[in-house]
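Given next are the chains, with one letter for each unit.
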Amino acid sequence: IRFLALVRGAGAALTGVCVLLLGLLLLDFCFDFAAGTRIGLLTTFGTGTLGLIGWFVVRPALRSIPDAEVASLAEQQYPKFGERITSLVELSDPDLAESERGSPLMREMLENETVQQLNGFDIERAIPTRPAMRRFGLGAISGCVLFLLFVLFPTTSTGLLARLFR
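Residues numbered from 1 in each chain as written. Predicted model: local features only at pLDDT ≥ 70, side-chain atom pairs only at ≥ 80, totals over all residues. Heavy atoms only, no water.

**Regarding helix α5 (residues 104-118)**
Then, in step 1: Between the first and last C-alpha of α5 there are 21 Å, a value that for 15 residues agrees with the 21 Å anticipated at 1.5 Å per step.
Then, in step 2: Within α5 the residues assigned to the buried category are Arg107, Leu110 and Thr114. The buried residues of α5 all sit within an arc of 65° when viewed along its axis, so they share a single face. For α5, exposure combined with an orientation more than 90 degrees from the buried face picks out Pro104, Leu105 and Gln116.
Then, in step 3: In the core, the buried residues of α5 are packed alongside α4 (84-91).
Then, in step 4: Among the residues trailing α5, Gly120 stands out with phi positive, at a value near 80°. (Helix = DSSP H or I, 4+ residues; strand = E, 2+ residues; numbered from the N terminus. Expected span 1.5 Å × (residues − 1). Buried < 20%, exposed > 50% of the residue type's maximum accessible area, 1.4 Å probe, protein only. Arc of directions from axis to C-beta. Contact = heavy atoms within 4.5 Å.)

Here it is as structure tokens:
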């Protein structure tokens, strides 16, 4: 789950950085800013890049994922479990008062049935990978488009970058 969040975040951050860089180059091309303004734009670009990486990559990597959320994701993909996993996780919460957990016998029966159903089941497969890969693909396409612009128009690209860093 954490790996998919990192992949999704890397794609979003790459897309954002490409858009920021392209916007920065277009703004400088259209308005021919002075050197001080270009420094401000570069600072904004650097800050924006760090912000995007922090928000989309670092934050998901450090975020703790509650067990109930993982159980819910598994049950969305496999409704045959009928909320057994979520119920078991919630009833096993140590912060929950004993009087709210139900009878120990019922919890034990639920646990045995759930473990029996989950036997041989890979919980990692229950997490959908398509949204993360789609976002990563969008980031890769953004990077490729930007790279292609630099390859197809080398003189203009080099001139814009050189002017930006002058």
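**Digging into the confidence of the model for the chain**
Then, in step 1: When pLDDT is averaged along the chain, the result is 85, and 99% of the positions lie at 70 or above.
Then, in step 2: Ranking the elements of the chain by mean pLDDT puts helix α3 (residues 67-77) last, at 76, and helix α6 (residues 130-152) first, at 94. (pLDDT = per-residue confidence, 0-100.)

**Re the nonpolar core**
One recurring pattern in soluble globular proteins is that nonpolar side chains are buried together.
Then, in step 1: Core analysis: the biggest nonpolar cluster contains 12 residues, these being Ala13, Val17, Cys18, Leu21, Leu24, Leu25, Leu41, Phe45, Leu52, Leu146, Leu160 and Leu164.
Then, in step 2: Looking at which element gives the most residues to this core, the answer is helix α1 (residues 2-31), with 6 residues.
Then, in step 3: In terms of nonpolar packing, the next biggest core, distinct from the first, is built from 6 residues, Phe81, Ile85, Phe121 and Ala126 among them. (Core = buried A, V, L, I, M, F, W, Y, C linked by side-chain atoms within 4.5 Å.)

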